[in-house]
Amino acid sequence: FPVTIWGPPICQICDLDFTADSSKQGGLVSFALTPEEREHNKIFNEPGFVGHPDGLHWICGKHYQRAQELAHLTTAEAFSILKKEFLEQSNKDTIL
């Protein structure tokens, strides 16, 4: 559906703001919707409505490919996995 997306490109996994740094650029990933999210997103079919639909999230380049692999999951399911993996990687990087 045609939607105007509000909100800056800030990674929903690591909070990286990749607005001005194209080397870290990612994109929007659309995750599977729950029935409640599907119902909520019907509002975007109304003329002139703008906003950020459920299930659609900004993801930085570092996490984009993995997020795409998990796009068949709901946001909650995918983010649980992604944040766990990000935390584990961050801990490894800190130790090194």
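Residues numbered from 1 in each chain as written. Predicted model: local features only at pLDDT ≥ 70, side-chain atom pairs only at ≥ 80, totals over all residues. Heavy atoms only, no water.

## Thoughts on the pattern of salt bridges
- Summed over all chains, the structure comprises four salt bridges.
- Ionic pairing is found between K42 and E39, a salt bridge with its closest N-O pair at 3.1 Å.
- Here R66 and E85 are joined by a salt bridge, their closest N and O atoms 3.0 Å apart. With a gap of 19 residues between them, R66 in helix α2 (residues 61-69) and E85 in helix α3 (residues 75-95) connect regions that are remote in the sequence.
- On the basis of relative accessibility, which here comes to 30%, the residue E85 falls in the partly exposed class.
- Counted as one network, the salt bridges with shared partners bring together R66, E69 and E85. (Salt bridge = Lys/Arg side-chain N within 4 Å of Asp/Glu carboxyl O. Helix = DSSP H or I, 4+ residues; strand = E, 2+ residues; numbered from the N terminus. Buried < 20%, exposed > 50% of the residue type's maximum accessible area, 1.4 Å probe, protein only.)

## As for the pairing of strand β2 (residues 56-59)
- Alternating residues of β2 divide into L56 and W58 and H57 and I59, and every residue in both groups is buried.
- When strand β1 (residues 27-30) meets β2, the two strands line up antiparallel, connected through four bridges. The partner of G27 across the bridge, within β2, is I59. (Pairing = 2+ DSSP bridges.)

## Focus on the environment of H40
- Turning to its location among the elements, H40 is positioned in helix α1 (residues 35-40).
- When the C-alpha positions of H40 and D54 are compared, they lie 7.6 Å apart, and in sequence the two are 14 residues distant.

From the geometry alone we can't say anything about function, so treat these as descriptive.
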